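What follows is each chain in one-letter form.
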Amino acid sequence: FHHNSSLCRIQLDALQRLLPKFQAKGANLVAISPKKSTESGIQFPQLQDSLPQLVAPQFGIWHPSLPQWNQDHGEDQAKQELPIPSTFVIDTNGTIVYSFLDVDPSQRPDPIKVLEAVPPPAPHPLKRGPFSRLFGGRLAPLAKRRRQN
């Protein structure tokens, strides 16, 4: 989740540079913002969680807007709530395996740590032959014994 700020742009650029490594691990990157993103050069989806925000509250990252943050970013939204800038790694079962969030928007996770949190891709199931159902895999131990002899 990001806010289209310069700090967010730095984070998105860092993730973009690592995109091939994320893809090699079978991962997809998605950026979500409460505003329409204007970031160019980012080659992964940038989605808008527009009003009423639907995604941020489900992740428990909805936070009252901080007046100092608004002043620093030239925004007049002292009463508007914003999502806390955060990063999640979600596995193929929908389980959050890594999360980083901090109400201080200057704190961001190291993109390498995010990459390291991505679980390895699931092994591809072995292609099974026409008799695999009949023997229920009982031939595999026999084949191993024959190779050992």
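This text gives an overview of the structure that appears in the document. All values derive from a computational prediction rather than experimental measurement. (Residues numbered from 1 in each chain as written. Predicted model: local features only at pLDDT ≥ 70, side-chain atom pairs only at ≥ 80, totals over all residues. Heavy atoms only, no water.)

Examining the layout of surface pockets
Empty space among the atoms becomes visible once a probe the size of a water molecule is rolled across them.
So, step 1. Taken as a whole, the largest pocket spans an internal volume of roughly 890 Å³.
So, step 2. Lining the largest pocket are 35 residues; nearest its centre among them are Asn28, Leu29, Phe88, Val89 and Ile90.
So, step 3. At the level of secondary structure, the elements contributing two or more residues to the lining of the largest pocket comprise α1 (6-17), β1 (31-33) and β5 (86-90).
So, step 4. Considering each element in turn, the lining of the largest pocket owes the most residues, five residues, to β5.
So, step 5. Classifying every residue of the lining of the largest pocket by side-chain character gives 24 nonpolar, eight polar and three charged. (1 Å grid on protein atoms, 1.4 Å probe; cavity = no way out; pocket = protein on both sides within 12 Å on 5 of 7 lines; lining within 4 Å. Points joined across faces, edges and corners; volume = space filled by probe spheres on them. Helix = DSSP H or I, 4+ residues; strand = E, 2+ residues; numbered from the N terminus. Nonpolar A, V, L, I, M, F, W, Y, C, P; charged D, E, K, R; others polar.)

Description of the packing of aromatic side chains
So, step 1. Following the criterion strictly, the structure yields one aromatic pair and no others.
So, step 2. An angle of 40° between the planes, with centres 4.7 Å apart, marks the rings of Phe59 and Phe88 as tilted. Remark: Phe88 occurs in strand β5 and Phe59 occurs in the loop between α3 (55-58) and β3 (62-64); sequence separation between them is 29 residues. (Phe/Tyr/Trp six-rings, centres within 6.5 Å; stacked < 30°, edge-to-face > 60°.)

Describing the side chain of Asp49
So, step 1. Locating Asp49 in the fold gives a position in the loop between β2 (46-48) and α3.
So, step 2. Polar side-chain contacts of Asp49 include one of 3.1 Å to the backbone nitrogen of Val55. (Polar contact = N/O pair within 3.5 Å; in protein donor to acceptor, adjacent residues only side chain to side chain.)

Here we look at the nonpolar core
So, step 1. In terms of nonpolar packing, the biggest core is built from 16 residues, with Phe22, Leu29, Phe44 and Val89 touching the most fellow members.
So, step 2. Residue assignment for this core shows that the elements contributing at least two residues are α1, α2 (19-24) and α5 (111-117).
So, step 3. The leading source of residues in this core is α5, at three residues. (Core = buried A, V, L, I, M, F, W, Y, C linked by side-chain atoms within 4.5 Å. Buried < 20%, exposed > 50% of the residue type's maximum accessible area, 1.4 Å probe, protein only.)

Describing the pairing of strand β6 (residues 96-101)
So, step 1. Of the pairings in the sheet, the one linking β5 to β6 comprises five bridges and is antiparallel in character. The residue of β6 that forms the bridge with Thr87 is Phe100.
So, step 2. In this structure, the hairpin formed by β5 and β6 is closed by a connection of five residues, where Gly94 is found at a positive phi of approximately 85°. (Pairing = 2+ DSSP bridges.)

With respect to the pattern of salt bridges
So, step 1. Counted by the stated rule, this structure contains one salt bridge.
So, step 2. Of the charged contacts in the structure, one is a salt bridge between Asp13 and Arg9, with a shortest N-O distance of 2.9 Å. Separated by four residues within a single helix, Asp13 and Arg9 lie in helix α1, roughly one turn from each other.
So, step 3. The partly exposed category is assigned to Asp13, whose relative accessible area is 24%. (Salt bridge = Lys/Arg side-chain N within 4 Å of Asp/Glu carboxyl O.)

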